[in-house]
Amino acid sequence: MDKITSLHNEGIKKAQVLREARERREQGVTIIDGAREIKRALEAGIIFDKVFYVEGRQDALLKHLAGRRVETVEVSGKVMEKLAYGERHEGIVAIVKTPMLNLKDLKLSAQPLVVILESLEKPGNLGAILRTCDGVGVEAVLVCDPKTDVYNPNVIRSSTGVIFSIPVVCAPAGEISSFLKLKKIKICATTPAAKKLYTQVDLKGAWGLVMGSEDQGLSDHWLTLADMQIKIPMNGTADSLNVSTSAAVILYEALRQRQH
């Protein structure tokens, strides 16, 4: 295909609208910014539709994409500026099929650590939590009542692309809690109202760590079902940490316990 130089090219227009959640949802695709994120999606077996790269770019990633028979399209610098997000663009953008996992698709170990996220709103927080889950070795992330598109390009970027290598499932809270019961995974709810600190409990075994939004916290659904409630000590004015920070603190304590 010839290099695209026109901002009015139909293919470019179709790619641009994928910055809108409704368009991504209707088309069943999402957009990835950055070489590292694209490489991780490729390694995870994500289905690629098309990759746009800035004129003159020649690197191992493009060769790898060509080897996988992914369609690559060269575009001018001005076109790439319209396609890419913000000022940090790396001159390469991919359109991929959105992964659609269901609870029944999950293959878990006998004593898994899974994370349940309720009503998270900020893409940056979700992406940061996914990075922590990847680092800890969480086996699945289950999302209920999300306030943001899980495969939002900003989530992909802030997760550095690991969202594609961790099983992520969106489902109603009731379906997730039924799944946890079926798999005999106990529920650990995080709430400032808890009596026990996260360091005072046993996080080994099959556990589902449930975390909610910073402003609303967890719903009664999870607080009622919880086998255990825990909190992080707060000795200042604030009553809680940023949700991604809280997730990192508790998940690495779980990893510490499991390693010992």
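You'll find the structure just up there.
Residues numbered from 1 in each chain as written. Predicted model: local features only at pLDDT ≥ 70, side-chain atom pairs only at ≥ 80, totals over all residues. Heavy atoms only, no water.

> What's the story with the sheet that holds strand β3 (residues 72-75) in this structure? I'm lost.
Strand order in the open sheet formed by four strands is β1-β4-β2-β3, with mixed pairing between adjacent strands. Two strands in the sheet have a free side with no partner beyond their single neighbour: β1 (29-33) and β3. Neighbour-to-neighbour, the strand axes of this sheet turn through a mean angle of 20°, independent of strand direction. Where β1 lies against strand β4 (residues 92-97), five bridges are found, and the strand directions are antiparallel. Within the sheet, the bridge partner assigned to Ile 31 lies in β4 and is Ile 95. (Pairing = 2+ DSSP bridges. Helix = DSSP H or I, 4+ residues; strand = E, 2+ residues; numbered from the N terminus. Axes fitted to C-alpha atoms, helices over the stretch in contact; angles between N-to-C directions.)

> Whenever I open this one, the nonpolar core confuses me. Can you help?
Core analysis: the largest hydrophobic core is formed by 53 residues, its most contacted members being Phe 48, Leu 65, Ile 92, Val 141, Ile 163 and Leu 251. Counting residues per element, this core draws most heavily on helix α10 (residues 243-259), which supplies six residues. Once you skip the residues sitting within four places of it in the chain, Leu 65 turns out to touch Leu 42, Phe 48, Val 51, Val 70, Thr 72 and Ile 92. In this structure, Leu 103, Leu 180, Leu 218 and Trp 222 belong to the second largest nonpolar core, which totals 21 residues. (Core = buried A, V, L, I, M, F, W, Y, C linked by side-chain atoms within 4.5 Å. Buried < 20%, exposed > 50% of the residue type's maximum accessible area, 1.4 Å probe, protein only. Contact = heavy atoms within 4.5 Å.)

> Would you take a moment to explain empty space enclosed by the protein for this structure?
If a probe as big as a water molecule is rolled over the atoms, it shows which places are left empty. Inspection of the entire model under this criterion finds one cavity of 30 Å³ or more. One number sums up the size of the largest cavity: a volume of about 40 Å³. Those elements that place two or more of their residues in the lining of the largest cavity are β10 (207-212) and α10. The element that contributes the greatest number of residues to the lining of the largest cavity is α10, accounting for three residues. Looking at the lining of the largest cavity, its residues break down into eight nonpolar, no polar and no charged. (1 Å grid on protein atoms, 1.4 Å probe; cavity = no way out; pocket = protein on both sides within 12 Å on 5 of 7 lines; lining within 4 Å. Points joined across faces, edges and corners; volume = space filled by probe spheres on them. Nonpolar A, V, L, I, M, F, W, Y, C, P; charged D, E, K, R; others polar.)

> Explain the pattern of salt bridges here, please?
When charged atoms on two side chains of opposite charge get close, those side chains can pair. Under the counting rule described, the total for this entry stands at ten salt bridges. For Glu 55, the salt bridge is made with Lys 3, and the minimal N-O distance between the two is 2.8 Å. In this pair, Glu 55 is assigned in the loop between β2 (48-54) and α4 (60-67) and Lys 3 in the segment before α1 (10-16), connecting sequence segments 52 residues apart. Judged by its relative accessible area of 39%, Lys 3 falls in the partly exposed class. Among the salt bridges present, the one from Arg 256 reaches Glu 253, with a minimum N-O distance of 2.9 Å. With a gap of three residues between them, Arg 256 and Glu 253 both fall in helix α10, about one helical turn apart. Of the residues examined, Arg 256 reaches a relative accessible area of 44% and is grouped as partly exposed. (Salt bridge = Lys/Arg side-chain N within 4 Å of Asp/Glu carboxyl O.)

> Mind showing me how you'd approach unusual backbone geometry here?
It is generally the case that most residues other than glycine have a negative phi and that most peptide bonds are trans. Despite not being glycine, Thr 160 shows a phi value in the positive range, around 55°. With relative accessibility at 6%, the residue Thr 160 sits in the buried group. Although it is not a glycine, Lys 184 adopts a positive phi angle of roughly 60°. Among the secondary structure elements, Lys 184 is positioned in the loop between α8 (173-182) and β8 (186-190).

> Would you mind going over α4 with me for this structure?
When α4 is considered as a whole, its buried residues turn out to be Leu 61, Leu 62 and Leu 65. The arc that holds every buried residue of α4, seen down its axis, measures 100°, which confines them to one face. Facing away from the buried side of α4, by more than 90 degrees, are the exposed residues Ala 60, Lys 63 and Gly 67. Those residues of α4 hidden inside the fold are in contact with α3 (35-43), β2, β3 and β4. Positioned one or two residues after α4, Arg 69 has a phi angle of 60°, which is positive. (Arc of directions from axis to C-beta.)

> Is there a simple way to explain α3 in this structure?
An α-helical segment advances 3.6 residues per turn. Residues three or four places apart therefore align on the same side. All of the buried residues in α3 are Ala 35, Glu 37, Ile 38, Ala 41 and Leu 42. Axial view of α3: buried residues confined to an arc of 165°, hence all on one face. In the core, the buried residues of α3 are packed alongside β1, β2, α4, β4 and α7 (153-158). After α3 finishes, the residue Gly 45 shows a positive phi value of roughly 85°.

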